[in-house]
Structure formats: C-alpha cells, structure tokens
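Architecture and fold: a report
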Amino acid sequence: AVADPERGWGDRLVWRFPHSFAVLGPWQFYTGYCVLVSRAAASELSQLGPARAAFLDEMSLLAAGIEACFSPHKLNYELLGNVVPHLHWHLFPRSAGDPERLRPVWFATERAEADPAENQRLRTGTVPPAECVARLRNWLTANGAPTAS
C-alpha cells in the first residue's frame, strides 16, 4: 500500500503528498478522520532526517484541511506505531458532542473489535466517505497542497 497508494487504498485515498499520502480512516464517527502515511521506510520520526520537516508540514496541512472541512471541537494527533511499525499519523477530529471526548479514541475502537454494533457505529459518520474525500481534496487543491510527482 505504501508503494502504490491508489491500488492499496482506492477511493479512500485523499492526497499524494511528496513525502506521505493521506487516506480516509475507517472510524468515521470521527468525521474526517484520516491517516497520514510516510513514504519513507521508517518507524520513528527521528529516522526521517532532513525529510522530517516536510513530513510534519504535510501533516499540518492535512490537519488544516480537516479543521476547515469539518470544524471539529478539537483535533487529536496520534503517532504510535505499536501495531503497525511504519511511520503514520492518526488525525482524529473530535466533536463537542462526543460522549467520550475526554478519553483517547482507542478505548472506543477497542470495544468495536468485540462488539459488532459498536464497530458499525464508529464506522458510520454523518458525512458519506466519498464526500469527506471530495471535501478534503477540494480544500487541499484550493490551498496549493504539494503533490507527489
């Protein structure tokens, strides 16, 4: 999926940045939730060397797009790598009405692994996935986001 994001992510691919690519994540209860995946083979930010600043700029630009398109109360940034040891950011938009807004989203996603109803609830957002992708692409285009060559 890193070598060929279109093939790996299909219609959930949001943007191909020079140092990363953005995909719409599965948990759309958090409307606009995206994952930004590094193109470099790295598991830690410190391993990116001079490309680190560009990768972080791409993450910040994606975050600005999420904020502009979905107006979250708060945007949570998570860079873990415990399960998938490849550098990637989770950007979770949190709403003021989220009953668990003061807790990490991982408590809810863990419940979703064991409970089909919770899984469906967290995968279903108020905005269809194709529209989320379109809004973000339009914002990134209008704001001159760099693209991979």
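This text goes with the structure placed above it.
For the structure given in this document, a descriptive report is provided here. (Residues numbered from 1 in each chain as written. Predicted model: local features only at pLDDT ≥ 70, side-chain atom pairs only at ≥ 80, totals over all residues. Heavy atoms only, no water.)

On to helix α2 (residues 52-70), then. With 19 residues, α2 should reach 27 Å at 1.5 Å per residue; the first-to-last C-alpha distance of 27 Å fits that figure. The complete set of buried residues in α2 reads Phe55, Glu58, Met59, Leu62, Ala63, Gly65, Ile66, Cys69 and Phe70. Each buried residue of α2 lies within a common arc of 160° when the element is viewed along its axis, so the set occupies one face. On its buried side, α2 packs onto β2 (20-24), β3 (34-38), β4 (74-78), β5 (88-94) and α5 (129-142). Within two residues after α2, Ser71 carries a phi angle of roughly 45°, on the positive side. (Helix = DSSP H or I, 4+ residues; strand = E, 2+ residues; numbered from the N terminus. Expected span 1.5 Å × (residues − 1). Buried < 20%, exposed > 50% of the residue type's maximum accessible area, 1.4 Å probe, protein only. Arc of directions from axis to C-beta. Contact = heavy atoms within 4.5 Å.)

This part covers the layout of surface pockets. Quantified by volume, the largest pocket comes out at close to 600 Å³. Looking at the lining of the largest pocket, the elements with two or more residues in it are β2, β3, β5 and α3 (106-114). Per-element accounting of the lining of the largest pocket gives the leading share, four residues, to α3. Class assignment of the residues belonging to the lining of the largest pocket gives a composition of 15 nonpolar, seven polar and three charged. (1 Å grid on protein atoms, 1.4 Å probe; cavity = no way out; pocket = protein on both sides within 12 Å on 5 of 7 lines; lining within 4 Å. Points joined across faces, edges and corners; volume = space filled by probe spheres on them. Nonpolar A, V, L, I, M, F, W, Y, C, P; charged D, E, K, R; others polar.)

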